[in-house]
Amino acid sequence: MNAERTVVLEPGRLWTRVIEQTEYALRTGALQSIPTDYEFIEQNGISFLVRTLSNLVRKDEAQQQAKSTTIGKDFNPFLPYEEDLFVADISDTHLCLLNKFNVVDHHLLIITRAFEDQENWLNWRDFQAMWVTLAEIDGLAFYNGGKIAGASQKHKHLQLVPLPLAPQKVKLPIENAIASAQFTGFIGTSPMFPFVHAIALLDPNWIASPDSAATATLECYQKLLHAVGIDTNEFKSDKQSGAYNLLATRQWMLIVPRSQESFESISVNSLGFAGSLFVRNDEQMQILKHYGPMTVLQQVSLEC
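Because the structure is a prediction, the values reported are computed rather than measured.

Criteria and cut-off values
- Numbering of residues starts from 1 in every chain and runs along the sequence as written.
- Note on the predicted model: pLDDT of at least 70 is required for a residue's local features to be given, and 80 or more for side-chain atom pairs to be given and counted; whole-chain, interface and lining totals, by contrast, use all residues.
- Neither water nor hydrogens contribute to the side-chain values; these are computed over all heavy atoms in the structure.
- Here the aromatic set is Phe, Tyr and Trp, taking the six-membered ring for Trp, and pairing holds for ring centres within 6.5 Å; pairs whose planes are under 30 degrees apart are stacked, those over 60 apart are edge-to-face, and all others are tilted.
- Helix and strand definitions here come from DSSP, where helices need a minimum of 4 consecutive H or I residues and strands a minimum of 2 consecutive E residues; each element is numbered from the N-terminal end.
- Only protein chains enter the area calculation, which uses a 1.4 Å probe; residues under 20% of their type maximum are buried, those over 50% are exposed, and those in between are partly exposed.
- Only Lys NZ and Arg CZ are tested; either one counts as a charge over a ring when it is within 6 Å of the ring centre and within 35 degrees of the ring normal.
- Two residues form a contact once any of their heavy atoms are found within 4.5 Å.
- We treat two strands as partners when DSSP finds at least two bridges between them.
- To get an axis, a line is fitted to the C-alpha atoms, and for a helix only the part in contact is used. The angle between two axes follows their N-to-C directions and goes from 0 to 180 degrees.

A.B. asks: How should I be thinking about the packing of aromatic side chains in this particular structure?
C.D. replies: To describe a pair of aromatic rings, you give the distance between the ring centres and the angle between the ring planes. Scanning the model with the defined rule gives ten aromatic pairs in all. Between Tyr-38 and Phe-40 the ring centres are 5.9 Å apart and the planes differ by 80 degrees, which places this aromatic pair in the edge-to-face class. Arranged with centres 5.1 Å apart and planes meeting at 75 degrees, the rings of Trp-121 and Phe-235 form a pair that is edge-to-face. Of this pair, Trp-121 sits in the loop between β5 (108–112) and α3 (124–136) while Phe-235 sits in the loop between α5 (210–227) and β11 (244–248), placing them 114 residues apart in sequence. The class of Phe-235 is partly exposed, set by a relative accessible area of 25%. By way of ring pairs, the aromatic residues Phe-127, Tyr-143, Tyr-221 and Tyr-244 are connected into one cluster. Lying across the ring of Phe-101, Lys-100 places its NZ or CZ 5.8 Å from the centre. The ring of Phe-186 is capped by Lys-223, whose NZ or CZ atom sits 4.7 Å from the centre of that ring.

A.B. asks: Would you mind showing me how to read the environment of Ile-266 here?
C.D. replies: Tracing the backbone through its elements, the reader meets Ile-266 in strand β14 (residues 266–267). Look at Ile-266 and you get buried, because its relative accessible area is 0%. When the C-alpha atoms of Ile-266 and Gln-284 are compared, they prove to be 6.6 Å apart, with 18 residues separating the residues in sequence. Ignoring anything within four residues of it in the chain, the contact list for Ile-266 reads Glu-261, Phe-278, Gln-284, Ile-287 and Leu-288.

A.B. asks: In this structure, what is going on with the sheet that holds strand β2 (residues 46–53)? I would like to understand it.
C.D. replies: The strands making up a sheet associate through hydrogen bonds between their backbones, and the pairing can be parallel or antiparallel. Pairing within the open sheet is mixed, and its three strands lie in the order β1-β2-β15. A strand with exactly one partner marks an edge of an open sheet, and here the two such strands are β1 (36–43) and β15 (276–279). On average, each strand axis in the sheet is tilted by 30 degrees relative to the strand beside it, whichever way the strands run. One ladder, built from four bridges, connects β2 with β15; its direction is parallel. Among the inter-strand pairings, Thr-52 is bridged to a residue of β15, identified as Val-279.

A.B. asks: Just to check I follow, could you spell out unusual backbone geometry for this structure?
C.D. replies: Across residues other than glycine, the phi torsion is negative in most instances, and most of the peptide bonds are trans. Note the cis peptide between Leu-79 and Pro-80, where omega equals -5 degrees. Examined against the element boundaries, Pro-80 turns out to sit in the loop between α2 (57–68) and β3 (86–89). In the segment running from Leu-163 into Pro-164, the intervening peptide bond is cis, with an omega of 5 degrees. By the secondary structure assignment, Pro-164 is in the loop between β7 (157–162) and α4 (175–179). Even without glycine at this site, His-106 takes up a positive phi of about 60 degrees. Mapping His-106 onto the fold places it in the loop between β4 (94–98) and β5. The phi dihedral of Asn-233 falls on the positive side, at around 50 degrees, and the residue is not glycine. Inspection of the secondary structure puts Asn-233 in the loop between α5 and β11.

What follows is the structure, given as structure tokens:
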């Protein structure tokens, strides 16, 4: 499998296609960006970016309508996908869409062409597609491994947001935490994270060969899962044994096992562990300020 070239995306075209399709999808109304206000809340030496999603009515209404028109079966927005959101074919197994209800500009979904479950383990093809997109866009790729980890759709999809993530700040709020990681051999942990996690360093030069990068990243992924205590049973089953969040840039990969999807009504997905949290209203913002963002992350993961 690794020897076969399956990438179909023309090099150097993805970002142009993202810009073109974003403009088109905004004109047609297919892309329905959610406006936000944001502020920074500091805890444990990390300046968390917290966005208030000021208008979730359209997204809630669209999801309810989709459910009402698919009575008796699970609604899958990716089969078929909305053509006005299509960005590019990545490989013979994956393609790229705009996130319809995006909060972050140019938020991309990397989906499997055929249905695979979001609670399946990631595989070589998934990492190949991830590296094809990272080679074109310097961003944060992430995966919500299961509903408890914040996944809202059952069809397998990675996601990517361009960096910097935080306006007028560093590329990622957790940069200091990653930089402070202490390694025992291949696996690192950060003293700034009070929850179970594992970090691996990646080679930015891997962007030159997504196939080779996929092979190396798959090995990293498997080692990180073992390090955080997620039982893979040697991957004899496609189905994952526990929920987790995966975050990756060109330089590193982070895995965090999850215990629950939300804390005090505040939902957390992978972006929370990148230092970017979302609240729906002022009430949730006050809860977040009361407990602190890092405390919220600690409550939805596993304590060290």
